[in-house]
Protein chains: 2
Amino acid sequence: MLNQTTSNAAEKNWQDRNPGRVLPAKSVLYHQGDEAAHFYRVNSGIVMIYRLLEDSKRQITGFCTAGDFFGLSPDENYHETAVTVGTSNVAGFTMNDVSRDPELQRELFTRTCDRLEDAQNMMMTLSKKSAGEKVAAFLVMLVKRQKRRAGESEESFDIRLPMSRLDIADYLGLTIETVSRRLTILKTEGIIELPSRHTARVCRLNRLESLAGALA
Amino acid sequence: MLNQTTSNAAEKNWQDRNPGRVLPAKSVLYHQGDEAAHFYRVNSGIVMIYRLLEDSKRQITGFCTAGDFFGLSPDENYHETAVTVGTSNVAGFTMNDVSRDPELQRELFTRTCDRLEDAQNMMMTLSKKSAGEKVAAFLVMLVKRQKRRAGESEESFDIRLPMSRLDIADYLGLTIETVSRRLTILKTEGIIELPSRHTARVCRLNRLESLAGALA
DNA sequence: CGTGAGATTGATGCAAGTCAACGACCGTGG
DNA sequence: CCACGGTCGTTGACTTGCATCAATCTCACG
């Protein structure tokens, strides 16, 4: 329905027109409540988007990776906070840039639709999946994302977990304890290994996928 | 950031250009998996959007009311099902219509951003709120939506609940029993009355709002 | 090497799900 | 018009998965 331009030429193109700037880990792009002046695109790295409730409960609404846009606001202020997880390259835009650039406009719209799609899938995950399914699905997502860049086709994958356990918990709607427990269960069953705090090795991807639960 | 055209003139305009067609309750606009040929706008009534998992768990991702767009797909097929809840007027569009009509294009984009916003708020609700908070928040949402049309300023409001208890449950990520129990608790505490299955009278709106839990 | 934040592991409690029975309403047909 | 059947909703008893509370562990950094 929305024919995306996925050619390499187009991808190069958007980066060239706005090379962005490099930010160290944990840089805040904007805070919830700030005046919404720009929106952004991730050129490389990961940016974490979250919302805080008054009682300081936090929901991470997404981890944005290369190509994802974030920071659009329906009104004058941001409704969320954006922070880099690792070192990242991020380009800023204004709505003026968009009106000048039909290509950017198309890209922005399709990406926004994709994010809506993701958000709605996440609604399913958050409300219908068990803790075990959530953690498995999270790991599968990371494999899928990181496979793109590496492009290998083995049966086991080393994936990076640049975010803390608390971040994972706040993304999946769980507690750190539950995330930890589910990870050790997966380790015990030989489905993954945990060489270090921020690395996981998926040994049985298909087992993991089946544990991730039913799909749409 | 996205300056919406909320003038009455503009609203009249979009309806005139595509008057849509009237559908009875429970009409299916499209099924999950169907080829995605059109997208739609609600002119009047309510359209319910949901996703089904293979194991038949269902998540209602939204109740669309006048002005809302739905049925955009990131690829060739719909990822969700759309059904009218009550009698509704719905207009169909294609991406060609969009490229021909800059006004529609703008409207579609801002509405899509709004829906993304809603979806992300819903993620918070689904994962961080208790059953009581969810039900209260749901009722408050209905009051807000239905107040727009009526425009009165009393302290108690009759609201219609055109959807079934199961629909409410699948929207909030609860069971019918829990929804029912929370409603009777609210009734017992004199915050609402339930004159009929599909009507609720909110007596203490501010009490209800405080029960709906913390906001962003 | 310490030291402290982050991660794991264990013991216990509770909110919501599940299972089951009953009640109320609505449309249909006698 | 009312009696009936079936769907939808309510209420109650019980179960359970995850949160909570509380140690302990570990490893990244000075």
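Look up a bit, the structure's there.
These numbers come from a predicted model, not from an experiment.

1. Quick notes on the relation of the copies chain A and chain B
- Expressed as a screw transformation, the operator carrying chain A onto chain B has a rotation angle of 180° and an axial translation of 0.0 Å, and the superposed copies differ by an RMSD of 0.0 Å. Given the turn and translation reported, the copies of this chain are related as if by a two-fold rotation axis.
- Most of the interface of chain A is mirrored in chain B: 100% of its interface residues are interface residues there too.

2. Things to note about the interface of chain A and chain B
- At the junction of the two partners, chain A supplies 51 residues and chain B supplies 51 residues.
- A buried area of about 4600 Å², summed over both sides, lies between chain A and chain B, and 63% of it is on carbon and sulfur atoms.
- Three residues, M1(A), M123(A) and K128(A), lead the burial of chain A against chain B; their summed loss comes to 19% of the area buried on that side.
- Counting across the chain A and chain B interface gives 4 salt bridges.
- The shortest N-O distance in the salt bridge between D170(B) and K128(A) comes to 3.9 Å.
- There are 16 residue pairs in polar contact (both at pLDDT 80 or more) connecting chain A and chain B.
- Ranked by residues supplied to the side of chain A that touches chain B, first place goes to helix 3 (residues 102–128) of chain A with 18 residues.
- For the side of chain A that touches chain B, the per-class residue count stands at 23 nonpolar, 14 polar and 14 charged.

3. Considerations on the pattern of salt bridges
- Within this structure, the stated rule accounts for 20 salt bridges over all chains.
- In this structure, the salt-bridge partner of D97(B) is R100(B), at a minimum N-O distance of 3.0 Å. Of this pair, D97(B) and R100(B) are both found in helix 2 (residues 95–100), 3 residues apart, which corresponds to roughly one turn of the helix.
- Note on D97(B): relative accessible area 24%, which makes it partly exposed.
- Residues joined by salt bridges that share partners form a network here, namely R58(A), D167(A), D170(A) and K128(B).

4. A few points about the sheet that holds strand 2 (residues 28–30) of chain A
Residues and elements named next belong to chain A.
- The strand order 2-7-4-5 describes an open sheet built from 4 strands, whose pairing is antiparallel. Of all strands in the sheet, those with a lone pairing partner are strand 2 and strand 5 (58–64), marking the two edges. In this sheet, neighbouring strand axes are inclined to one another by 25° on average, regardless of whether the strands run parallel or antiparallel.
- Examined bridge by bridge, strand 4 (residues 47–52) and strand 5 share 6 bridges and lie antiparallel to one another. Bridging across to strand 5, Y50 finds its partner in I60.
- Against the sheet, helix 5 (residues 165–172) makes contact with strand 4 and strand 5, and its axis sits at roughly 100° relative to strand 5, the strand it touches most.

Rules of the game
Residues numbered from 1 in each chain as written. Chains lettered and ligands numbered in written order. Predicted model: local features only at pLDDT ≥ 70, side-chain atom pairs only at ≥ 80, totals over all residues. Heavy atoms only, no water. Least-squares fit on C-alpha atoms with pLDDT ≥ 70 in both. Contact = heavy atoms within 4.5 Å. Buried area = accessible area lost by both parts, 1.4 Å probe. Salt bridge = Lys/Arg side-chain N within 4 Å of Asp/Glu carboxyl O. Polar contact = N/O pair within 3.5 Å; in protein donor to acceptor, adjacent residues only side chain to side chain. Helix = DSSP H or I, 4+ residues; strand = E, 2+ residues; numbered from the N terminus. Nonpolar A, V, L, I, M, F, W, Y, C, P; charged D, E, K, R; others polar. Buried < 20%, exposed > 50% of the residue type's maximum accessible area, 1.4 Å probe, protein only. Pairing = 2+ DSSP bridges. Axes fitted to C-alpha atoms, helices over the stretch in contact; angles between N-to-C directions.

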